[in-house]
Amino acid sequence: MTNPWWRTAVIYEVYPRSFADSNGSGEGDINGIRAKLPYLAALGVDALWIAPWYPSPMADGGYDVSDYCNIDPRYGTLEDADALIAEAASHGIRIVIDLVANHCSIQHAWFQRALAAAPGSPEREWFYFRDGLGENGDTPPNNWISNFGGIAWTRTKNSDGTDGQWYLHTFAPEQPDLNWNNEVVQQAFDDILRFWFDRGVAGVRADAVPAMAKVDGLPDADYEGKPGFRSSEWTDNPHWDVPHIHEYMRRWRRVSDEYSGDRMFVTEAVVSSPERLALYVRPDEMHTSFNFDFLLGSWEPKTLREVIDQTMDSLAPYGAPSTWVLSNHDVTRHVTRFGRKRQQKQLFGIDADDQPIDIALGTRRARAAAMLMLGLPGSVYFYQGEELGLPNVDDLPDEVLQDPMFFQSGGTNRGRDGCRVPLPWSGSVAPFGFSSTTATWLPQPAEWEALTAEAQESDEASMLNLYRRAISVRRSVAGLQGEDFEWIPSGEFVLAFRRGDVTCVFNFGEIPVELPIAGEVLVVSADAHLVEQGLLGSDCAVWIHTV
Ligand code: GLC
């Protein structure tokens, strides 16, 4: 197929626990997603990426999986999942699932079996079990640190209550790393992929992929002068982005290639450069990869232009499409990020920067940023609630926080719950149509009354209607469907590019600028009256049709 769907798709991330609750449990579920399919179809998305929905003790919001071939009862059943896949297809929407393969849950039968087995047994070879160092084995096997903070090893107890071996966990202690050097682990995941592809899923988002390969012998990491775990700034890390990871990616690709109908993989890989990232999308590996450099880029034209150029240049040799993403379930929502005059690079958790946050400014920029993301060639991922312009909820009380990042950092990092608050759908008080109970798993702010989907529906100027309009224009105008892209010379605070018959202009400055081109206005993010005078307002975007 010459132009598979995933090269240009708009993909909507559903965090199922917070999307829509059909049974009054206070947590979202699959039937809640089914009920909102008409909303998603009207929004114009091509696919849903559903964050993990498998049985899980929820030590890390479902990224600790205890059974890869089932659905957590809080979300429903396999039959509900099948119904969702079928009903979504009838709306022209594909389903992409989330595969967490670096680690499982400590409650997975594989890990329980390994714990019950003896050191050196084949059952323990599914994981990284090692003896501790020192006379009593009470020093961890090496100095690796966890992505969530603290040491990446936990000591087990033997059945007689004595101290046993240690096991490795790149993330929380409840998430033991699987040993991908072991052929039986590889086979198990081939089967898991086939289980879901057979059920009709169109794609797989591969979680935490660079963690899956480790340097042989698990040598100590040289953290001296290094930014700790920060994988985005470090190339020779012995527990991240180790080259034989690509063998595993090729194996997965062979599985997806067994299937018809353009099944795709999107890799979550935060690595040290666009060139390293591009290696994951070589023709026999993953189809696409998230673009974290774009997500981390501050609202500033020079940086964004560099990121866009580097993204396209690094992917070009492999023919892979770019992807663009501004928010997901791991980062501070971008209305809040962009509400600071300057933004810091911060992938996880709440931005430590104490600059005041101006939500009106953040919202204005978020509108323009959505048009940047949707105006670029390639595929787009956006996160539930960003189409409603939701800000991060930074004042959740400590008692309700659930993110392991909060606990493992000893409370110094408040974690990611602030971007995971249940969506406001309708009505004027919490739970805003999310559920029939007010006891939602995280509380919603009262101010969300103005941001419900219902409140935005009939407001032409709402964020929701901007997303709808931009997605529909992206689909219908020739220039935005192809992969053509060319920068147009512009002033210091402006970015402008042409894609066939469409020109997209973005003003990052504090005063209006003259538009470099005239034509029919397709979409404008704000201050439409200025565009009529040939001007583009501060922090505004416009798409112009030119012939
Ligand atoms: C990915 C997920 C994140 C999770 C981590 C461990 O980064 O997006 O939510 O905590 O992997 O699975």
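Whatever comes next refers back to the structure up there.
Residues numbered from 1 in each chain as written. Predicted model: local features only at pLDDT ≥ 70, side-chain atom pairs only at ≥ 80, totals over all residues. Heavy atoms only, no water.

A.B. asks: Quick question: what am I supposed to make of the overall build of the protein here?
C.D. replies: The secondary structure content of the protein amounts to 16 helices and 18 strands. Computed over its C-alpha atoms, the radius of gyration of the protein comes to 23 Å, within 12% of the 24 Å expected for a compact globule of 547 residues. Overall size of the protein, expressed as C-alpha extent along the three principal axes, is 80 × 50 × 50 Å. Looking at the 547 residues of the protein, the share that counts as buried comes to 61%. Within the protein, residue pairs in contact and separated by at least 24 positions form 67% of the contacts whose partners lie at least 6 positions apart. Computing the positive centroid from 44 side-chain charges and the negative centroid from 78, the protein places the two 2 Å apart. (Helix = DSSP H or I, 4+ residues; strand = E, 2+ residues; numbered from the N terminus. Rg over C-alpha atoms; globule rule 2.2 N^0.38 Å. Buried < 20%, exposed > 50% of the residue type's maximum accessible area, 1.4 Å probe, protein only. Contact = heavy atoms within 4.5 Å. Lys, Arg positive; Asp, Glu negative; His and termini not counted. Charge placed at Lys NZ, Arg CZ, Asp CG, Glu CD.)

A.B. asks: Would you take a moment to explain the site of the ligand for this structure?
C.D. replies: Neighbouring residues of the ligand: 14 residues in total, closest Asp 60, His 103, Asp 207, Glu 268 and Asp 330. One of the side-chain N or O atoms of Arg 205 is found 3.0 Å from an oxygen atom in the ligand. Classifying every residue of the shell around the ligand by side-chain character gives four nonpolar, three polar and seven charged. (Near = heavy atom within 4 Å. Polar contact = N/O pair within 3.5 Å; in protein donor to acceptor, adjacent residues only side chain to side chain. Nonpolar A, V, L, I, M, F, W, Y, C, P; charged D, E, K, R; others polar.)

A.B. asks: Help me understand the packing of helix H5 (residues 183-198) against helix H6 (residues 245-256), please; the structure alone is not making it clear to me.
C.D. replies: What describes two packed helices is the angle between their axes and the distance between those same axes. In the contact formed by H5 and H6, the axes pass within 10 Å of each other and the chain directions differ by 35°. Every pair of crossing elements has a handedness; the one defined by H5 and H6 is right-handed. Contacts between H5 and H6 involve Glu 183, Gln 186, Gln 187, Phe 189, Asp 190, Leu 193, Arg 194 and Phe 197 from the former and Tyr 248, Arg 251, Trp 252, Val 255 and Ser 256 from the latter. When grouped by side-chain class, the residues that make up the contact of H5 with H6 number six nonpolar, three polar and four charged. (Axes fitted to C-alpha atoms, helices over the stretch in contact; angles between N-to-C directions. Left-handed = near helix turned anticlockwise from the far one by under 90°.)

A.B. asks: It is not clear to me how the sheet that holds strand E9 (residues 288-289) should be interpreted in this structure. Could you clarify?
C.D. replies: Read across the sheet, eight strands follow the order E9-E8-E7-E3-E2-E1-E11-E10 without closing on themselves; strand pairing throughout is parallel. Each edge of the open sheet carries a strand with a single partner, namely E9 and strand E10 (323-325). As judged from the four bridges shared by strand E7 (residues 203-206) and strand E8 (residues 264-267), these two strands associate in the parallel manner. Within E8, the position partnered with Arg 205 by the bridge is Val 266. Seen against the sheet, H5 touches strand E3 (94-99), E7 and E8 and runs at an angle of roughly 160° to E3. On top of the sheet, helix H14 (residues 463-476) reaches strand E1 (10-14) and strand E11 (379-383); it is set at about 165° to E11, its chief contact. (Pairing = 2+ DSSP bridges.)

A.B. asks: In this structure, what is going on with the pairing of strand E18 (residues 540-545)? I would like to understand it.
C.D. replies: Successive side chains on a regular strand alternate, one facing one side of the sheet and the next facing the other. Taken across its six residues, E18 has five buried, putting it largely inside the fold. With six bridges joining them, strand E14 (residues 502-507) and E18 adopt antiparallel strand pairing. Each bridged residue has a counterpart across the sheet, and for Thr 503 the counterpart in E18 is Ile 544. Here strand E16 (residues 520-524) runs beside E18; their pairing, made up of four bridges, is antiparallel. Note on E18: the bridge partner recorded for Glu 520 is His 545.

Such coordinate-based values are descriptive only and should not be taken to indicate function.
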